[in-house]
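Below, each chain spelled out in residue letters.
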Amino acid sequence: MVVTGGAGFIGSHLCERLLHGDDAVVCVDDLTTGRHENVAHLLGRPGFEFLHGDVSDGLDVPGPVHAVAHLACPASPPHYLSRPLETLQVCSEGTRHALALAHGHGARFLLTSTSEVYGDPEEHPQQERYWGHVNPVGLRAVYDEGKRYAEALAMAWRRAKGTRVGIVRVFNTYGPRLRPDDGRVVSNFLVQALSGQPLTVYGDGSQTRSLCYVDDLVDGIVRMLDSEHGGPVNLGNPDEYRVLDLARLVIEHTGSSSTVEHRPLPEDDPTRRRPDITLAGQLLGWVPTTPLAEGLRRTADYFRQSSGSREDQD
Ligand code: UDP
């Protein structure tokens, strides 16, 4: 099993889960947004191999490959906005290399696409048959359109060459191993709440997101990998929160004395987002089970521990 982006937030959890299920895992990552420390505990485990490299340059994995899970891509808005060309490159060339690897081995290929393909959606909740509402020349297009191209490319390989392609559309996900400087809403709010800084709510905070705990998401990814479904299939937790309410919940659950500060809303920030997960239920028997309070508690514990270990090193 090959996991591109395997040292990233979601990728590292997927590697761990696959090893647990007795799969041999080759984790490929260029460590731009992924981190060595996310997989350090897996190094030396039987069946785990780490390859340092950029999948946009090529993907050469010796030995048998029965599946390729293609996760490599910056996923946080500040990260893809600061690497616009690399983001488009990994969605296009990186995806082509990952497809070619899978195809050459007759392997299953799984593309982790994104809810961003729906853009600022005019349909709510979002079903897979909705084509989306994306600004093709906006700042976020490098990610949104990059992933839309990756979907088109994967489907073309499936139709033209018979590659065993599956596509999942990942909605907002949170959990341990998010970088403290990731920039996404849950990591920002938790890091701010735990250090007593004001929580930065962009705009008036009335925009909504639906948040899935990483273990639930990885369970859906594994089910899709183990199937032959083409998708696309939405994977996310349909519990929807206004960003301002999320800030209040984080303050409450961490017992923080932080306040809320409003900042300008980023360009093309989607106003609402919630997955319709009927299809994932029907095809994969998948449903997320971790309540937000429990997921926040585990993620807060992770940030507490990792800031403690960073201080120990200082
Ligand atoms: N957001 C916020 N404060 C932050 C980070 C994000 O209010 O410190 C908002 C952001 O504007 C968006 C939502 O939270 O409406 C989710 O942002 P995130 O970057 O996590 O993911 P997105 O769904 O936008 O890719």
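Here is what the cut-offs are and how they apply
- Residues numbered from 1 in each chain as written.
- Predicted model: local features only at pLDDT ≥ 70, side-chain atom pairs only at ≥ 80, totals over all residues.
- Heavy atoms only, no water.
- Helix = DSSP H or I, 4+ residues; strand = E, 2+ residues; numbered from the N terminus.
- Rg over C-alpha atoms; globule rule 2.2 N^0.38 Å.
- Buried < 20%, exposed > 50% of the residue type's maximum accessible area, 1.4 Å probe, protein only.
- Lys, Arg positive; Asp, Glu negative; His and termini not counted.
- Charge placed at Lys NZ, Arg CZ, Asp CG, Glu CD.
- Pairing = 2+ DSSP bridges.
- Axes fitted to C-alpha atoms, helices over the stretch in contact; angles between N-to-C directions.
- Phe/Tyr/Trp six-rings, centres within 6.5 Å; stacked < 30°, edge-to-face > 60°.
- Near = heavy atom within 4 Å.
- Polar contact = N/O pair within 3.5 Å; in protein donor to acceptor, adjacent residues only side chain to side chain.
- Areas by Shrake-Rupley, 256 points an atom, 1.4 Å probe, with all protein chains shown as cover.
- Nonpolar A, V, L, I, M, F, W, Y, C, P; charged D, E, K, R; others polar.

Enquirer: Give a description of the overall build of the chain that names residues and reports values.
Expert: Secondary structure summary: the chain contains 10 helices and 13 strands in total. For a compact globule of 314 residues, the expected C-alpha radius of gyration is about 20 Å, and the chain comes in at 19 Å, within 12% of that figure. For the C-alpha atoms alone, the extent of the chain along its principal axes is close to 55 × 45 × 40 Å. Counting the 314 residues in the chain, one finds 54% classified as buried. Taking the average location of the 30 positive side-chain charges in the chain and that of its 42 negative ones, the two points are 3 Å from each other.

Enquirer: Lay out the sheet that holds strand S5 (residues 108-114) in plain terms, naming residues and giving numbers.
Expert: Pairing in this open sheet of seven strands is parallel, and the strands run S3-S2-S1-S4-S5-S6-S11 from one edge to the other. Taken across any chain shown, the strands that pair with only one partner, and hence form the sheet edges, are strand S3 (48-52) and strand S11 (233-235). Strand-to-strand twist of the sheet, defined as the mean angle between neighbouring strand axes without regard to direction, takes the value 20°. With four bridges connecting them, strand S4 (residues 67-70) and S5 associate as parallel partners.

Enquirer: Break down the packing of aromatic side chains for me, with residues and values.
Expert: The full count for this structure, using the stated rule, is five aromatic pairs. Their ring planes at 5° and their centres at 4.5 Å tell us that Tyr80 and Tyr143 sit as a pair that is stacked. One end of the pair, Tyr80, is in helix H3 (residues 77-82); the other, Tyr143, is in helix H5 (residues 141-161), with 63 residues separating them in the sequence. Comparing Tyr80 with Tyr143 shows no difference in burial state: the two are buried. Taken together, a centroid distance of 5.6 Å and an interplanar angle of 65° make the contact between Tyr174 and Tyr213 edge-to-face. On the criterion of sequence distance, the pair formed by Tyr174 in strand S7 (residues 173-174) and Tyr213 in strand S10 (residues 212-213) is long-range, its members being 39 residues apart. An aromatic cluster is present here, built from Tyr118, Tyr130 and Phe171 joined pairwise through their rings.

Enquirer: I'd like a description of the site of the ligand, backed by residues and values.
Expert: With respect to spatial proximity, 18 residues lie near the ligand, and among them Val185, Thr200, Arg209, Asp269 and Arg273 are the closest. One of the side-chain nitrogen or oxygen atoms of Asn172 is found 2.8 Å away from an oxygen atom of the ligand. Between Gln207 and the ligand, the recorded distance is 3.1 Å, taken from a side-chain N or O atom to an oxygen atom. Taken by itself the ligand offers 520 Å² of open surface, and the protein chains cover 96% of this. Among the elements of the structure, helix H6 (185-194) and strand S8 (199-202) are those that each provide at least two residues to the shell around the ligand. Residue composition of the shell around the ligand, by class: seven nonpolar, five polar and six charged.

Enquirer: Describe the environment of Pro180, naming the residues involved and giving the relevant values.
Expert: You can see Pro180 is positioned in the loop between S7 and H6. For the pair Pro180 and Leu190, spaced 10 residues apart in the sequence, the C-alpha separation amounts to 8.7 Å.

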